[in-house]
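What follows is each chain in one-letter form.
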Amino acid sequence: MSMRIASAFTTLAASALFAFAASAAELRPAITVSGATVTLGDLFDNAGSAAGVVVANAPAPGYRSEISVSRISLTARRNGIDWRNDAGISHVTVARAGIAVPDEDVASAVASAIAAQSPSMPSASQLQVDFTNGMANVQVAEDAEISVNVEQIAFNRRNGTFTAILRAPANDALSPLHRVTGRAYPVMDVPVLTRDMVQGEVVRHSDIDWVRLPANRIGQNIITSLDNLVGMSPRHQARAGEPLRLSDMAAPLVVEKGAQVDMILASGALTLVARGRALQSGAVGDVVDVLNTRSNRTLQGVIEGPNTIRIGTPGAIHAARLAAASDNS
């Protein structure tokens, strides 16, 4: 009888020990939280009724921190969690989930702060902001407003470097501060070709894209307006995506060398039209030589349109040459 009792007691004790081991909490070596605090339920697989007990504050969204196991162990024992550090863990890594504030929003806020602080700088829309690490890495909590405000900024106008202290979300006085550094400098949007083009092709609106370049790289002869590009033709091969100089472009040729042309000669109220042959190619406004095929004389005139040349006086020819030289400079 006593043997059966002893055996039953042993079985009961083993079952109790197994149940105890199965219910013992297990510490996680690394966790990710979404809230502002770290609880025992975040840290242990089986924290039971103590799951809501706060152990530490969580890091800012997007950042990591560490909690020592001694601190965790003390809080766990005080709240009735049975746990033994069999794995020899010294700390738990805590990551805080977050949502990134778009770099464009951060750059816009920084540019506006610089423009407001430095009246000599161009408007915020004409400032390029580059972050030191390639990105701002500003995040907010998953349930927070995605916004940012510049609390403080130090800007060096000599070399364009800045250090900014940001708050995100912008209107939350308790939200964490972020420090970002980088460089800001004036830029300008410049029209470029979307494809390679050769002499004789005419640039249309569909052939044009825009690129943003540092203002100090844009010389006075660089084309910055569509007026100097649309309807024009390259003087030589022009490559896609590259800024163009005024001297790279010319009005498209409307008269080809050797073409039959109409020569217009006006004298008072009398206008004569005769056939001739162009001895040079040219665009509207260019001065070219033309052969009167009837008299075999070479005359000079100003191109007025496709295969149309107005024979002019020396004074008119000189004025046309000056105008052409001005357009090409």
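In this text the structure is predicted, and so the values were computed from the model without any measurement. (Residues numbered from 1 in each chain as written. Predicted model: local features only at pLDDT ≥ 70, side-chain atom pairs only at ≥ 80, totals over all residues. Heavy atoms only, no water.)

### Some thoughts on helix 3 (residues 69–78)
Condition: To sort residues, take the accessible area from a 1.4 Å probe on protein chains only and compare it with the maximum for the residue type: under 20% means buried, over 50% means exposed, and anything in between is partly exposed. Numbering of helices and strands starts at the N terminus; helices are DSSP runs of H or I of at least 4 residues and strands are runs of E of at least 2. In this description, the arc belongs to the directions extending from the helix axis to the C-beta atoms. Contacts: residue pairs with any heavy atoms within 4.5 Å of one another.
Listing the buried residues of helix 3 in full gives Val-69, Ile-72, Ser-73, Thr-75 and Ala-76. The arc that holds the buried residues of helix 3, viewed along the axis, is 165°, so those residues lie on one side. Exposed residues pointing more than 90 degrees away from the buried face of helix 3 are listed as Ser-70, Arg-77 and Arg-78. Those residues of helix 3 that are buried are in contact with helix 2 (40–43), strand 3 (54–57), strand 4 (64–68) and strand 5 (91–96). Directly after helix 3, the chain includes Gly-80, whose backbone phi takes a positive value near 75°.

### Considering the confidence of the model for the chain
Low-confidence regions, as indicated by low pLDDT, have predicted coordinates that should not be scrutinised in detail. Under the convention used in this document: As a per-residue quantity, pLDDT reports the predictor's confidence and falls between 0 and 100.
Averaged over the chain, the pLDDT score is 88; the fraction of residues at 70 or greater is 88%. Within the model, the stretch residues 8–22 combines pLDDT values under 50 with one contact to residues more than four positions away or in other chains.

### Details of the sheet that holds strand 19 (residues 287–292)
Our working definition: Two strands are counted as paired when DSSP detects at least two bridges linking them. The convention used is that axes are lines fitted to C-alpha atoms, helices contributing only their stretch in contact, and that angles between N-to-C directions extend from 0 to 180 degrees.
Strand order around the closed barrel formed by five strands is 16-17-19-20-21, with mixed pairing between neighbours. Direction aside, the axes of adjacent strands within the sheet are offset by 50° on average. One ladder, built from three bridges, connects strand 16 (residues 260–267) with strand 21 (residues 308–311); its direction is parallel. Within the sheet, the bridge partner assigned to Met-263 lies in strand 21 and is Ile-309.

### Structural notes on the pairing of strand 17 (residues 270–278)
Of the pairings in the sheet, the one linking strand 16 to strand 17 comprises eight bridges and is antiparallel in character. Paired with Val-261 across the strands is Gly-276, a residue of strand 17. Where strand 16 folds back onto strand 17 in an antiparallel hairpin, the turn is made up of two residues, including Gly-268, whose phi is positive at roughly 65°. Inspection of the sheet shows strand 17 paired to strand 19 by three bridges, in the antiparallel sense. Opposite Arg-277, over in strand 19, you have Leu-291 as the bridge partner.

### Examining the sheet that holds strand 1 (residues 30–33)
Here we have three strands laid out as an open sheet, ordered 1-5-4, and mixed in their pairing. The sheet is open, and its two edges are formed by strand 1 and strand 4, each paired on a single side. On average, each strand axis in the sheet is tilted by 30° relative to the strand beside it, whichever way the strands run. The pairing of strand 4 with strand 5 spans five bridges and is antiparallel. Residue Arg-64 lies in a different strand from strand 5, and its bridge partner there is Ala-95. Strands strand 4 and strand 5 of the sheet are contacted by helix 3, whose axis makes an angle of about 60° with strand 4.

### Looking at a nonpolar patch on the surface
Spelled out, the test is: Patch membership is restricted to residues that have no salt bridge and whose relative accessible area is over 30%. Joining uses 9 Å for like charges and 5 Å for the nonpolar side chains Val, Leu, Ile, Met, Phe, Trp and Tyr. All accessibility values rest on the Shrake-Rupley procedure with a 1.4 Å probe; residue burial counts only the protein chains present in the view. For this analysis, a salt bridge means a side-chain nitrogen from Lys or Arg found within 4 Å of a carboxyl oxygen belonging to Asp or Glu.
Taken together, the side chains of Leu-265, Leu-270 and Leu-272 make up a nonpolar region of the molecular surface, amounting to roughly 270 Å² of accessible area. Mapped onto the fold, Leu-265 is located in strand 16. On the basis of relative accessibility, which here comes to 41%, the residue Leu-265 falls in the partly exposed class.

### Here's the deal with the nonpolar core
Note that soluble globular proteins tend to have their nonpolar side chains buried in a common cluster. Cut-off, in case you're wondering: The nonpolar core is taken to be a set of buried Ala, Val, Leu, Ile, Met, Phe, Trp, Tyr and Cys residues, with the residues joined through side-chain atoms within 4.5 Å.
Judged by nonpolar contacts, the single largest core of 25 residues is most densely connected at Val-106, Val-110, Ile-114, Val-129, Val-138, Phe-162 and Leu-166. If you list the elements that add at least two residues to this core, you get helix 4 (103–117), strand 7 (127–131), strand 9 (149–155), strand 10 (161–167) and strand 11 (177–193). Among the elements that make up this core, the one with the highest residue count is helix 4 (seven residues). The contacts of Val-110, once residues within four sequence positions are left out, are Val-129, Val-150, Ile-153, Phe-162, Ala-164 and Leu-166. Counting 22 residues, the second-largest nonpolar core is a separate cluster that includes Ala-25, Ile-31, Val-38 and Leu-43.

### Some details on the environment of Ala-97
Take Ala-97: it is sitting in the loop between strand 5 and strand 6 (99–100). Note on Ala-97: relative accessible area 18%, which makes it buried. With 36 residues separating them along the chain, Ala-97 and Pro-61 place their C-alpha atoms 5.5 Å apart. Among residues more than four places away in sequence, those in contact with Ala-97 are Thr-32, Val-33, Ser-34, Pro-61, Gly-62 and Glu-142.

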